[in-house]
Protein chains: 2
Amino acid sequence: MDNTQSSKEGSLRDLIPINHPRRESLLIREKLVEALKDNVLTPSGLIAHGRGECFDYLFGEKTQDFAKKAIEAASATLLLAKNPVISVNGNMAALVPKELIELANLINAKLEINLFYRSEERLKAIKNVLIKNGAKEVLGVDDELTTIPELFSERRKVSKNGIFIADVVLLALEDGDRTEALVKMNKKVIAIDLNPLSRTSKAANITIVDNIIRAIPLMIQKVNELKNYNTGQLREIIENYDNKKIILDSLKFISGRFQEFSLSL
Amino acid sequence: MDNTQSSKEGSLRDLIPINHPRRESLLIREKLVEALKDNVLTPSGLIAHGRGECFDYLFGEKTQDFAKKAIEAASATLLLAKNPVISVNGNMAALVPKELIELANLINAKLEINLFYRSEERLKAIKNVLIKNGAKEVLGVDDELTTIPELFSERRKVSKNGIFIADVVLLALEDGDRTEALVKMNKKVIAIDLNPLSRTSKAANITIVDNIIRAIPLMIQKVNELKNYNTGQLREIIENYDNKKIILDSLKFISGRFQEFSLSL
């Protein structure tokens with residue numbers, strides 16, 4: 001048997017032709033496989049990514065208008081927040097660590113690690129990634145923790161100085177239970193989720209239906225643009241924002257895409 | 001920090017409440033995570049599963065009419081085949097090993113392992129799974145191999161006594177390149193693929209847009225039903241089958257689902 005050709009996943013970059021239609025998406029997969037090896041990601045994180053890939057494909061792998069509007073409202077909300085916190089999980093740390101830190105610095109937000117599959121090993125691995133990328137403080141690991149009411153998964157453990165006292169929480173690829181619990185605690189939740197039908201998408205105050213690899217850089221850009229706005233102007237953006245309409249627009253978009261696909265067959 | 005609650009993925013069965021709306025899907029994930037540990041699956045197989053999960057959700061996690069029609073045509077095609085081969089990959093071996101062997105026995109098909117991420121270790125691990133589940137012969141591992149023209153991935157390696165001489169090939173979760181190559185070699189390709197927009201779905205002669213965990217048992221049932229049909233009756237089923245229409249029906253179904261979702265918000 002010919003075994004001269006390497007068949008390890010690590011060599012993906014060399015295996016995929018430069019002009020492959022899905023090269024970008026396959027290289028992101030490679031990053032995630034690395035993160036799995038480093039304990040940053042769990043196998044379930046890979047499956048969750050696959051679900052997201054499917055929706056992203058339906059959105060044409062582009063940030064659509066409904067996501068741009070949500071990003072604007074989210075940026076205004078973060079600029080007005082008193083104690084904003086960015087909740088970080090394995091997928092976020094694997095794909096956009098530098099960008100998360102840049103955004104946190106811009107809006108004076110804290111970074112807190114919160115995991116469904118919580119273990120000392122993973123917490124340390126993810127904290128390391130954030131520190132290596134320039135984070136000065138990372139909550140949810142060594143600091144004092146407390147629990148969110150009505151939540152039974154490991155996700156209930158939050159930092160006393162972070163999510164517990166936050167007025168605004170930015171999260172991504174979150175499970176619906178915790179999003180609902182945070183909203184019940186009267187926190188404003190900004191969710192980045194490619195699935196507009198998820199419980200997180202429905203429960204969040206602002207739902208950014210987009211890929212984190214595009215949404216976080218766009219939020220950095222938008223926050224830079226809005227940071228000179230006064231409170232009144234920022235409030236106006238938020239008051240004019242209708243999350244239900246945004247989710248509906250995303251559903252209509254996908255429905256239209258399938259009609260297009262049908263016609264192209 | 002409270003570390004008394006296990007946070008290993010292995011304990012998923014205990015973690016998920018019996019009435020959890022996605023319990024079944026989460027338990028399948030657990031099987032896949034096991035398969036990853038056993039080298040049957042690669043991390044990319046998990047991501048591919050995630051993409052499938054998303055489409056399956058859109059199909060209501062049920063075998064829809066378009067899939068039932070494709071399963072009927074596929075069963076007739078397999079019953080008329082002279083050298084049918086079932087091409088087995090990691091995801092198939094992880095989820096439906098027993099069922100694949102039962103189907104192979106019913107239609108006198110050979111089982112052949114064919115992998116994108118091909119390694120001796122994985123080939124052996126998958127062969128072991130099939131043997132443990134009752135397979136007598138497994139091609140593509142120790143037997144004589146040859147290569148499919150115009151194909152550059154590891155998928156090009158096929159058994160001289162299996163896929164190379166097959167008239168009908170049943171495959172699932174396949175990459176588009178190989179499906180197209182097999183069709184060019186004038187083989188009839190039956191593909192099980194939850195993504196009706198994939199190159200495999202478009203290139204295959206018969207596309208079963210369904211989850212393998214439902215499609216393979218339904219094929220076993222249908223083959224049992226059709227095995228007493230005569231050649232003329234089986235040919236009629238095949239002649240009346242229109243794969244393009246089936247794919248269109250699946251696209252229309254999803255489009256309709258999103259319209260429904262919109263109305264329910």
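Residues numbered from 1 in each chain as written. Chains lettered and ligands numbered in written order. Predicted model: local features only at pLDDT ≥ 70, side-chain atom pairs only at ≥ 80, totals over all residues. Heavy atoms only, no water.

Labelled according to an unreviewed UniProt entry, chain A appears under the name 4-phosphopantoate--beta-alanine ligase, originating from Acidianus manzaensis. The UniProt entry for chain A carries the following text under Function (unreviewed entry): "Catalyzes the condensation of (R)-4-phosphopantoate and beta-alanine to 4'-phosphopantothenate in the CoA biosynthesis pathway." (UniProt positions renumbered as here; feature names shortened; annotations may be inferred.)

Some details on the overall build of chain A
The helix and strand inventory of chain A stands at 12 helices and 7 strands. A globule of 265 residues ought to have a C-alpha radius of gyration of about 18 Å, and chain A, at 19 Å, matches this closely. The principal-axis extents of the C-alpha atoms in chain A amount to approximately 65 × 50 × 35 Å. Looking at the 265 residues of chain A, the share that counts as buried comes to 58%. Summed over all atoms, the accessible surface of chain A reaches about 11500 Å², with 49% contributed by carbon and sulfur. Distance between charge centroids for chain A: 2 Å, based on 38 positive and 36 negative side chains. (Helix = DSSP H or I, 4+ residues; strand = E, 2+ residues; numbered from the N terminus. Rg over C-alpha atoms; globule rule 2.2 N^0.38 Å. Buried < 20%, exposed > 50% of the residue type's maximum accessible area, 1.4 Å probe, protein only. Areas by Shrake-Rupley, 256 points an atom, 1.4 Å probe, with all protein chains shown as cover. Lys, Arg positive; Asp, Glu negative; His and termini not counted. Charge placed at Lys NZ, Arg CZ, Asp CG, Glu CD.)

Remarks on the interface of chain A and chain B
Listed by partner, the interface residues are 49 residues for chain A and 49 residues for chain B. Both faces considered, chain A and chain B share a buried interface measuring about 4900 Å² in area, 63% of it formed by carbon and sulfur atoms. For the pair chain A and chain B, the number of links is 2 salt bridges. Note that Glu53(B) and Arg51(A) form a salt bridge whose closest N and O atoms lie 2.9 Å from each other. Taken together, the links from chain A to chain B amount to 7 residue pairs in polar contact (both at pLDDT 80 or more). Secondary structure elements with two or more residues in the side of chain A that touches chain B: helix H2 (23-37), helix H3 (43-58), helix H7 (120-132) and helix H12 (243-264) of chain A. (Contact = heavy atoms within 4.5 Å. Buried area = accessible area lost by both parts, 1.4 Å probe. Salt bridge = Lys/Arg side-chain N within 4 Å of Asp/Glu carboxyl O. Polar contact = N/O pair within 3.5 Å; in protein donor to acceptor, adjacent residues only side chain to side chain.)

Overview of the pattern of salt bridges
Pairing is possible between side chains of opposite charge, provided their charged atoms come close. Residue and element names in this part refer to chain B. The full count for this structure, using the stated rule, is 30 salt bridges over all chains. The closest approach of N and O atoms between Glu34 and Lys37, which form a salt bridge, is 3.5 Å. Taken together, the residues Glu34 and Lys37, both in helix H2 (residues 23-37) and 3 residues apart, mark about one turn of the helix. The exposed category is assigned to Lys37, whose relative accessible area is 54%. A salt bridge links Glu180 to Arg199; the shortest N-O distance between them is 3.6 Å. Placement of Glu180 in helix H8 (residues 176-184) and of Arg199 in helix H9 (residues 199-203) is noted, with a sequence separation of 19 residues between them. A relative accessible area of 32% means that Glu180 is categorised as partly exposed.

Quick notes on unusual backbone geometry
Residue and element names in this part refer to chain A. The backbone of Asn108 shows a phi angle near 55°, a positive value even though the residue is not glycine. Structurally, the position occupied by Asn108 is in the loop between helix H6 (97-107) and strand S2 (110-113). Of the residues examined, Asn108 reaches a relative accessible area of 68% and is grouped as exposed. A positive phi is found at Asn186, a non-glycine position, where the angle reads about 65°. The residue Asn186 is located in the loop between helix H8 (176-184) and strand S6 (188-192) in this model. Taking the relative accessible area as the measure of exposure, Asn186 reaches 71% and is therefore exposed.

Quick notes on the state of the cysteines
In a disulfide, the sulfur atoms of two cysteines are covalently bonded to one another. Under the counting rule described, the total for this entry stands at 1 disulfide over all chains. With a sulfur-sulfur separation of 2.3 Å, Cys54(A) is cross-linked through a disulfide to Cys54(B). Given an S-S torsion of about -55°, the disulfide between Cys54(A) and Cys54(B) has left-handed geometry. Here the residue Cys54(A) occupies a position in helix H3, and Cys54(B) occupies one in helix H3 (residues 43-58), the pair thus bridging two chains. (Disulfide = S-S within 2.5 Å.)

Regarding the packing of helix H6 (residues 97-107) of chain B against helix H10 (residues 212-226) of chain B
Two quantities define a packed helix pair, namely the angle between the axes and the distance from one axis to the other. Residues and elements named next belong to chain B. Contact geometry for H6 and H10: axes closest at 9 Å, N-to-C directions at 25°. As summarised for this structure, H6 and H10 are arranged roughly parallel, according to the angle between their axes. Handedness of the H6/H10 crossing: left-handed. Facing Glu99, Leu100, Glu102, Leu103, Leu106 and Ile107 of H6, the residues of H10 in contact are Ile216, Pro217, Met219, Ile220, Val223 and Asn224. Within the contact of H6 with H10, the residues separate by chemical class into 9 nonpolar, 1 polar and 2 charged. (Axes fitted to C-alpha atoms, helices over the stretch in contact; angles between N-to-C directions. Parallel < 35°, antiparallel > 145°, perpendicular 65-115°, else oblique. Left-handed = near helix turned anticlockwise from the far one by under 90°. Nonpolar A, V, L, I, M, F, W, Y, C, P; charged D, E, K, R; others polar.)

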